[in-house]
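Fold and contact review
One letter stands for each residue in the lines below.
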Amino acid sequence: MPGISGDFSLPSCEAATVMSQVRRALGATLGTMLLITGAGVIPAEADVREGTVTASKGSYEVTARVVVSDRSTITPSEVPVDIYLEHNGTALSFHDGWVELLDPTGREVYAGDGSLREIEDGHLRAVRRLANGAPIGEYTISFSALVTVDGVHGATDVPIRATNVVPFQVRYHSAMEATARSGSLPTGAVTTVAGTLGFISRDSAGDYDPVAATGEAVEIAFDPSGPAARRVVGSAKVSDTGYFRLDTRVTESGSWYASYAGSPVQHPATVRISQTARPHDLAVRQGGSERTSGSATAGIRVTATDVVTTLEPQPVRVDFGVTNFGGILSTYGVHLDGRRGEGAYPDGRYYSPRHKFSGEGTAGYITMTMDELTPPGVYDVGANVVIGVCTKSWWEAHPTSGDCGMKDVRINDGTVTTLTVKRASTTTISASSKVLAKPGWVTLKGSVRKLQLVSKREAAYRLAPKTSVKLYWDPAGSAPARYKKTVSTNAKGAWTAKFPMSASGKWIAEFPGTSLNAPSSRTVSVTVR
């Protein structure tokens, strides 16, 4: 067909790179977390534990506030212990001190550095370290320190000691990955937040093994850009293969949060994914296509908006993304195929531009330009892609095979969704008088022009005869506009109508559009004194 076309399948080396990226995104190696553009694992919202102790000597009193956070462990993990000192003297100096860490069995943890060091004035820190295989449960902090307080009563050494001043929890590591398809969509479009959640737990032999978090709930929240508060939009349950997904709508730019709340033995986990929303004033078109090959099912969603062409070239964008937790290994094309021919394109126009990807092969988009010669009408938006799908998450697969059972599933669908292309139009309206000294009659006049072909290589705005125009009266104030009548343009594309007026307001002339031309409207204000 005329227009841009071609086979844009990835070269073998590029396909291998994308395959490598997808395998990483699917958790093919332990400890690898998904980090795509605008997305990443963020610190879990673990509880911060605090305890205080006060010591005094002579006229001086020192209060120590001890701060430590809950931890997770699968490998050696540092446990910073911060102590903040307040006193009633004029100056304080630190000499030395020591932090003790007791595990749930009451044994002291010796790994790491238990000696206190002064980070800044009145702020002390020691960093203990949990060894691989550290017991899960409640740990306690004890410490001793010697400080000197100076003031009106001279300098005095004040010892501070506390036993089990603050407890904190050590829990198994929870590993989460998530993405949103895609990172940039028009407002009102449907997107999918999908991911996998697994636990690292110790087996009877004392070894750590990953398992799927089957049946656990993942909360999906959205945090809009700006001052508005984060809001929960829904929750998803982790499947027996370790995956979760939730379809939701894009309302504005911001960030998605996929969060697992944790349990007495499992650490919380949260992933943040940025979302850009594009404003639009035309209809959003979306469709999905799904294919199953053996035990593997892959899905893709395509998002487009309608197009209005003018004498200036119009940029057009179509987004696509997988709806399962997988990645596009190679792509033969998301393309547009016009159903209607006209002018220089008697067989319709076909677009198959190169793709750009956002993330590691999980989503992408195409961009193209439509000019005034582009035939208006319905365009089929099709997809021909290969998607890599895991039949089970790595967390669920590891204890037996360590293989997620990745399958390549090809989706070749000529019409995933459609979009409509229309040429622009213009409508005019004028009033015989914009100010009436008293209630009376006003004559309204106007015209309609449509962008249309005047040759195979040229388009122009031309007056449109025998075209319907709807007239509305919008009185001043809060009352809504009211439909009055429909008029038709004459052979020269002009229309006229006469109405009585007793109050101020606006007249609206609206060309409602056709299957080939977009609607347009114009207003004129009339004041009645």
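Our structure is the block above this text.
Predicted model only: the values in this text are computed from it and were never measured. (Residues numbered from 1 in each chain as written. Predicted model: local features only at pLDDT ≥ 70, side-chain atom pairs only at ≥ 80, totals over all residues. Heavy atoms only, no water.)

An order of β20-β21-β23-β27-β26 is seen for the five strands of this open sheet, with the pairing classed as antiparallel. The sheet is open, and its two edges are formed by β20 (284-293) and β26 (355-358), each paired on a single side. Within the sheet, the average angular offset between the axes of one strand and its neighbour, ignoring direction, is 20 degrees. The pairing of strand β21 (residues 296-305) with strand β23 (residues 314-322) spans four bridges and is antiparallel. Following the sheet pairing, R301 is matched in β23 by G321. (Pairing = 2+ DSSP bridges. Helix = DSSP H or I, 4+ residues; strand = E, 2+ residues; numbered from the N terminus. Axes fitted to C-alpha atoms, helices over the stretch in contact; angles between N-to-C directions.)

Turning to the state of the cysteines, a few remarks are in order. With the rule as written, the count across this model stands at one disulfide. Two residues, C390 and C404, share a disulfide whose sulfurs are 2.1 Å apart. Across the S-S bond of C390 and C404 the torsion is about -60 degrees, and the bridge reads as left-handed. Placement of C390 in strand β28 (residues 377-390) and of C404 in the loop between α2 (394-397) and β29 (406-423) is noted, with a sequence separation of 14 residues between them. (Disulfide = S-S within 2.5 Å.)

Now for the sheet that holds strand β31 (residues 435-436). Taken together, the five strands give an open sheet; going across it, the order is β31-β38-β37-β34-β35, and neighbouring strands pair in mixed fashion. At either end of the open sheet lies a strand with only one pairing partner, and these are β31 and β35 (482-488). Note that strand β34 (residues 468-475) and β35 share six bridges and pair antiparallel. Each residue of the ladder has a partner; that of Y472, found in β35, is Y483.

Of the two faces of strand β36 (residues 494-501), only the one carrying W495, A497, F499 and M501 is buried; A494, T496, K498 and P500 on the other face are not. Sheet analysis places strand β32 (residues 440-455) next to β36, joined by eight bridges and oriented antiparallel. Bridging from a neighbouring strand, L444 pairs with A497 of β36. (Buried < 20%, exposed > 50% of the residue type's maximum accessible area, 1.4 Å probe, protein only.)

Moving on, we get to the packing of aromatic side chains. Under the definition given, this model contains eight aromatic pairs. Taking the centre distance of 5.7 Å and the plane angle of 65 degrees together, the rings of Y472 and Y483 count as edge-to-face. Taken together, the residues span a long stretch of sequence, with Y472 in strand β34 and Y483 in strand β35 at a distance of eleven residues. Residue Y483 is classed as partly exposed on the basis of its relative accessible area of 45%. Plain terms: the ring middles of F499 and W507 are 4.5 Å apart, the flat faces sit at 25 degrees to each other, and that makes the pair stacked. Overall, F499 belongs to the buried group, its relative accessible area being 10%. Members of the aromatic cluster, connected to one another through ring pairs, are W473, F499 and W507. Over the face of the ring belonging to Y257 we find R230, whose NZ or CZ atom lies 3.6 Å from the ring centre. Against the face of Y365 rests R317, its NZ or CZ located 3.8 Å from the ring centre. (Phe/Tyr/Trp six-rings, centres within 6.5 Å; stacked < 30°, edge-to-face > 60°. Lys NZ or Arg CZ within 6 Å of the ring centre and 35° of its normal.)

Our next topic: the pattern of salt bridges. With the rule as written, the count across this model stands at 20 salt bridges. Between R340 and E342 there is a salt bridge, with its nearest N and O atoms 3.3 Å apart. On the basis of relative accessible area, R340 is assigned to the partly exposed category, the value being 28%. Beyond isolated ion pairs, a larger network of salt bridges with shared partners links D47, R49, D70 and R171. (Salt bridge = Lys/Arg side-chain N within 4 Å of Asp/Glu carboxyl O.)

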